[in-house]
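# Examining the three-dimensional arrangement
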Amino acid sequence: MSFTHLHVHSEYSLLDGLCRIDDLLNKTKELGMTSVAITDHGSLYGLFKFFIKAKDLGIKPILGIEAYKSKRLITEKPTKENRKNYHLVLLAKDLQGYKNLMKISTISHLEGFYFKPRVDWEILKKYGEGLIALSGGCLSSEISDHILKDEHKEAEIVVNKFLEIFGENFYLEIQRHHNLKELDKLNPELIKLSRKFGVPLVATNDVHYIDKEDAYAQEVKLCIQTQHTIQEKNRDLSMIEVPDYYLKSPKEMTGQFLDIPEAIENTQKIADMCNVEIPYGKPILPEFKTPSDISAQTYLKQLVDERKIRIKNYDEKLVNTRLDYELSIILKKGFSTYFLIVQDFVNWAKKQHIAVGPGRGSVAGSLVAYTLGITDINPLDYNLPFERFLNPDRPTPPDIDVDFADKRRDEVINYVRNKYGDNKVAQIITFGTMEARLAVRDVSRALGFSYSEGDRLAKMIPPSKQGFPMSISNAIEESTQLRFAYQTEKDTKKIIDIARKLEGLPRHASTHAAGVVISDKELTDYVPLQKENKDVKIITQYDMYSLDLNSVSNNKAIGLLKVDFLGLRNLTILENALSYLLINNKLKIDIHDIKLDDSKTYDLISSGKTIGVFQLESLGMRRLAKDLQPNKLTDIIAMVALFRPGPMELIPMFLKGKLDSKKIKYLHKDLEPVLKETYGVLVFQEQIMEIAHKMAGYSMSEADNLRLAMGKKKKALMKIEKEKFISGCIKNDYSKKIAESLFNFIEKFAAY
């Protein structure tokens, strides 16, 4: 008999569910089931990721939530007596149901939050279309609560209320767990209600973990959530006495409900009714109001034409050719509105005398961005390619990050909110995870060990490397001290083994440092929302990997416009300095007019006196400045690029070339124009592109694809690119030996 689990808590039931989405789907497939739901507590954090991953695996995703239903209207002030909430499972049948699920979750957080995000009968009535409701088979459901209190009339009233709202889409949820004595009283009454009111029964297992053996780790996780130890008795939240909330096989579930087989059959009936297809993969851009309602394309071209006077000291034909080329790609790919939106808030900030960064990342390669005032770096000055920023051969949208003075960043975000509407703008959620050291400390405390014991073990775990977190498994391999403790100390082995099960799971929600999404209509048509902890700030329930096309591969994100509004302390310092000069010395300085070849400035940097200077203030960077003695801006740019794990190995070669040009060696003389500025060392990704373009005959778009392929280190892709590169070099009259050496030279750099 077919069976589908319809009540499942994933890792996104924070500090409660232990089912990692990947593991959940793989186990579902292994057990021969073709569909599965996730119904996390009060929120939809993992829903879109689950949808995408399930589709990829050929599993039908059932999208749901276990909501908290208030005893009274959420607008009424809760009292100690009516603070209790009831559990209720809601499943989306179709796209409208999914949208209503997002509305319900959003309202429960923004309007109904009181210890938990709550809903009420009015909300369910308003947004019940397209939803299936399961009464809640656990002891915390409203019907269960009345039955266990022998309030049978009240239970019947609740059944009727559900029927009024959901009609034939309402099911009585029934569970069977060994050792849970209350079910002996509850379940017969649920069966009676089913027969009296003609409401079908549906069997669930309230899954919180995947394998039976995970019950103890689940209990430890609950102890971490409630800040208790596992030795404490009568804890508020405990599941260890009933260790069977795991992903049971269809055979196990069927065996538990032999007397009411329709409860099993109805799981598949519900699964067949649920057919949600979430739209994703296409950019969603808000409307930008233009003068006289002219098209965004026409207005963008008009602005560029008006402002290109900003570009000085370059041949007019060269400038127009570059601008026309960039505009043709921007217009063809449909990103005119994007550029208009970004230039609007950047120029607004500048008019308010808010310090704005000169340009971060690949957008510095856009002459259109410079012309519009989005950046203050002319890409012609530094030979920066546009294709690194916006590749005509790739479907991903442009990605512009903007730096603002940290004390005034919120002013810019508020401007955007006021312009596009509060309900169309939100900051993005992010999830803090249980990394190795934290997991060990948490588990140690939950098991009742002293702080010093958890701290001792955590300190044995080596720090992260090159931005990649250190896993417990790798730590045991790398740290002889930890490996010895694990192999010889019984308590240590217990702590580490449980910590491994919890490692990497989401622990808490917070706000992304910079990410903001802007929508064309109400955000809740695309993503559920909530408040930041104890704050009025509205944030999304989906993280950037579910929202932003630039953050994922294969366009598997919803596609909302994401802009990073970064706050920089150094810009505040600069803003204040300019203000003080104006007030005290009557000096009005445009920071962008300052010459970049001032010898005294380079002397100061070369002396290592750069504390407080952005990216040049660390001890290592000051030492490098003394060794290098930079005397031009490109030296400083290279310093910043090289001073990180990996590329640091190239610093001695860079120093040799800087201090003695005779020591610079090129694989081929044609590399000199490309690498001269960096003393024969391959420092920048743009240099990879230029070599591929000039020597292997790549178009700049193809060169950018090569750069990207090398960054991803995919062997199959690299093999194809290597053959193409060598073939291109040979066609341009370079020997095969030189071509192979060139590719190996580039590949070695790309490893950094």
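Residues numbered from 1 in each chain as written. Predicted model: local features only at pLDDT ≥ 70, side-chain atom pairs only at ≥ 80, totals over all residues. Heavy atoms only, no water.

Okay, the overall build of the protein chain next. Along the backbone of the protein chain there are 32 helices and 14 strands. Its C-alpha atoms give the protein chain a radius of gyration of 30 Å, within 12% of the compact-globule value 27 Å for 752 residues. Principal-axis analysis of the C-alpha atoms places the extent of the protein chain at approximately 90 × 75 × 60 Å. Across the protein chain, contacts joining residues at least 24 apart in sequence account for 73% of those joining residues at least 6 apart. Charged side chains in the protein chain number 109 positive and 103 negative. The centres of these two groups are separated by 3 Å. (Helix = DSSP H or I, 4+ residues; strand = E, 2+ residues; numbered from the N terminus. Rg over C-alpha atoms; globule rule 2.2 N^0.38 Å. Contact = heavy atoms within 4.5 Å. Lys, Arg positive; Asp, Glu negative; His and termini not counted. Charge placed at Lys NZ, Arg CZ, Asp CG, Glu CD.)

Let us look at the side chain of Asn100. Looking at the element boundaries, Asn100 is found in helix H3 (residues 95–110). Using a relative accessible area of 5% as the deciding quantity, one classes Asn100 as buried. Dropping the residues within four chain positions of it, Asn100 is found in contact with Tyr127, Glu129 and Leu131. (Buried < 20%, exposed > 50% of the residue type's maximum accessible area, 1.4 Å probe, protein only.)

This part covers the packing of helix H30 (residues 700–712) against helix H31 (residues 715–731). Each pair of packed helices can be summarised by the angle the axes make with each other and by the distance between the axes. Interaxial distance between H30 and H31 falls to 10 Å at its minimum, and their mutual angle equals 140°. The pairing of H30 with H31 is recorded here as oblique in orientation. The handedness of the crossing between H30 and H31 comes out as left-handed. Where H30 abuts H31, its residues Glu702, Leu706, Ala709 and Met710 lie against Leu717, Met718, Glu721, Lys724 and Phe725. Residues of the contact of H30 with H31, tallied by class, amount to six nonpolar, no polar and three charged. (Axes fitted to C-alpha atoms, helices over the stretch in contact; angles between N-to-C directions. Parallel < 35°, antiparallel > 145°, perpendicular 65-115°, else oblique. Left-handed = near helix turned anticlockwise from the far one by under 90°. Nonpolar A, V, L, I, M, F, W, Y, C, P; charged D, E, K, R; others polar.)

Time to look at the pattern of salt bridges. According to the stated counting rule, one finds 46 salt bridges in the structure shown. For Asp259, the salt bridge is made with Arg176, and the minimal N-O distance between the two is 2.7 Å. Of the two residues, Asp259 is situated in the loop between helix H9 (250–256) and helix H10 (262–273) and Arg176 in the loop between strand E7 (170–174) and helix H7 (182–197); the sequence distance between them amounts to 83 residues. One salt bridge in this structure joins Asp344 and Lys419, with 3.8 Å as the shortest N-O distance. Note that Asp344 is positioned in helix H13 (residues 336–351) and Lys419 in helix H16 (residues 409–420), a separation of 75 residues in sequence. We classify Lys419 as partly exposed; its relative accessible area is 38%. (Salt bridge = Lys/Arg side-chain N within 4 Å of Asp/Glu carboxyl O.)

Let us now look at the nonpolar core. In this structure, Leu90, Ile143 and Tyr542 are the most contacted members of the largest nonpolar core, which totals 121 residues. Phe335, Leu340, Ala349 and Val563 belong to the second-largest nonpolar core, a separate cluster that totals 48 residues. (Core = buried A, V, L, I, M, F, W, Y, C linked by side-chain atoms within 4.5 Å.)

Moving on: a nonpolar patch on the surface. Taken together, the side chains of Leu574, Leu587, Ile589, Ile591 and Ile594 define a hydrophobic patch exposed on the protein surface, amounting to about 400 Å² of accessible area. Position of Leu587 among the secondary structure elements: in the loop between helix H23 (569–585) and helix H24 (599–606). (Patch = residues over 30% accessible without salt bridge, like charges linked within 9 Å, V, L, I, M, F, W, Y side chains within 5 Å. Areas by Shrake-Rupley, 256 points an atom, 1.4 Å probe, with all protein chains shown as cover.)

This next bit is on empty space enclosed by the protein. Overall, the coordinates contain four cavities of 30 Å³ or more when judged by the stated rule. The computed volume of the largest cavity comes to approximately 90 Å³. Residues belonging to the lining of the largest cavity are distributed by class as follows: nine nonpolar, two polar and two charged. (1 Å grid on protein atoms, 1.4 Å probe; cavity = no way out; pocket = protein on both sides within 12 Å on 5 of 7 lines; lining within 4 Å. Points joined across faces, edges and corners; volume = space filled by probe spheres on them.)

Let us now look at the sheet that holds strand E10 (residues 425–433). Strand order in the open sheet formed by six strands is E9-E14-E11-E10-E13-E12, with mixed pairing between adjacent strands. With one partner strand each, in any of the chains shown, strand E9 (401–405) and strand E12 (529–531) form the two edges of the open sheet. When strand polarity is set aside, the average angle formed by the axes of neighbouring strands in this sheet is 50°. The sheet contact formed by E9 and strand E14 (residues 561–568) spans five bridges and is parallel. Bridged to Phe404 within E14 is Gly567. (Pairing = 2+ DSSP bridges.)

Attention now goes to the confidence of the model for the protein chain. Predicted confidence across the protein chain gives a mean pLDDT of 92, with 99% of residues reaching 70 or more. When mean pLDDT is compared element by element in the protein chain, strand E6 (residues 131–134) scores highest at 98, while H30 scores lowest at 83. (pLDDT = per-residue confidence, 0-100.)

Bringing the state of the cysteines into the picture now. For the structure shown, the criterion picks out zero disulfides. With no disulfide partner, Cys274 has as its closest neighbouring cysteine sulfur the one in Cys19, 19 Å distant. (Disulfide = S-S within 2.5 Å.)

For the rest of this paragraph, the subject is the packing of aromatic side chains. On inspection of all chains with the given rule, the structure shows 22 aromatic pairs. Their ring planes at 55° and their centres at 6.2 Å tell us that Tyr698 and Phe725 sit as a pair that is tilted. Pair noted here: Tyr698 is in the loop between helix H29 (685–696) and H30 and Phe725 is in helix H31, with a separation of 27 residues, a long-range link. Taken as a pair, Tyr698 and Phe725 share a single burial class, namely buried. Aromatic rings pair up to connect Tyr325, Tyr338, Phe339, Phe386 and Phe389 into one cluster. (Phe/Tyr/Trp six-rings, centres within 6.5 Å; stacked < 30°, edge-to-face > 60°.)

Moving on, we get to the side chain of Arg408. If you trace the backbone, Arg408 turns up in the loop between E9 and H16. A polar contact is formed between the side chain of Arg408 and the backbone oxygen of Gln352, at a distance of 3.1 Å. When sequence neighbours within four positions are dropped, the list of residues in contact with Arg408 reads Gln352, His353, Ile354 and Glu575. (Polar contact = N/O pair within 3.5 Å; in protein donor to acceptor, adjacent residues only side chain to side chain.)

Attention shifts here to unusual backbone geometry. Unlike most non-glycine residues, Asp150 shows phi in positive territory, near 60°. Along the chain, the position of Asp150 falls in the loop between helix H5 (142–148) and helix H6 (152–166). A positive phi angle, close to 65°, is found at Asn313, a residue other than glycine. Position of Asn313 among the secondary structure elements: in the loop between helix H11 (296–307) and helix H12 (316–332).

Okay, the packing of helix H17 (residues 436–446) against helix H21 (residues 490–502) next. One way to put it is that H17 packs onto H21 with a least axis distance of 9 Å and a crossing angle of 120°. Regarding the angle of H17 to H21, the classification is oblique. Regarding H17 and H21, the two cross each other, and that crossing is right-handed. Along its contact with H17, which presents Ala439, Val440, Val443 and Ser444, the element H21 presents Ile495, Ile496, Ile498, Ala499 and Leu502. Tallied by class, the residues present in the contact of H17 with H21 amount to eight nonpolar, one polar and no charged.

Attention shifts here to the pairing of strand E2 (residues 60–70). For E2, the tally of buried residues reaches ten of eleven residues, placing the bulk of the element in the interior. For strand E1 (residues 35–41) and E2, the ladder comprises seven bridges, and the chain directions are parallel. Paired with Ser35 across the two strands is Lys60, which belongs to E2. For the handedness criterion, the β-α-β arrangement of E1, helix H2 (residues 47–57) and E2 is classed as right-handed. Where E2 meets strand E3 (residues 85–92), seven bridges bridge the pair, whose relative direction is antiparallel. The residue of E3 that forms the bridge with Gly64 is Leu91. (Right-handed = clockwise from strand over helix to strand, strands pointing away.)

The next point concerns the pairing of strand E11 (residues 506–518). Bridge count for E10 against E11 is eight bridges, and the pairing is antiparallel. Its bridge partner lying in E11, Ile429 is registered against Thr511. In this sheet, E14 lies alongside E11 in antiparallel orientation, the contact comprising four bridges. Along E14, the bridge assignment pairs Val517 with Lys562.

Our next topic: H12. Relative to the 24 Å expected for 17 residues at 1.5 Å per residue, H12 spans 24 Å between its end C-alpha atoms, a close match to the ideal helical length. Residues of H12 that are buried include every one of Val319, Arg322, Leu323, Glu326, Leu327, Ile329 and Ile330, and no others. Within H12, the buried residues cover an arc of 160° as seen down the axis, which keeps them to one side. Among the exposed residues of H12, those pointing more than 90 degrees away from its buried face are Lys317, Asp324 and Lys332. Contact partners of the buried residues in H12: H11, H13, helix H14 (367–372) and helix H15 (379–382). Its side-chain oxygen 3.1 Å from the backbone nitrogen of Lys317, Asp315 forms the N-cap of H12. (Expected span 1.5 Å × (residues − 1). Arc of directions from axis to C-beta.)

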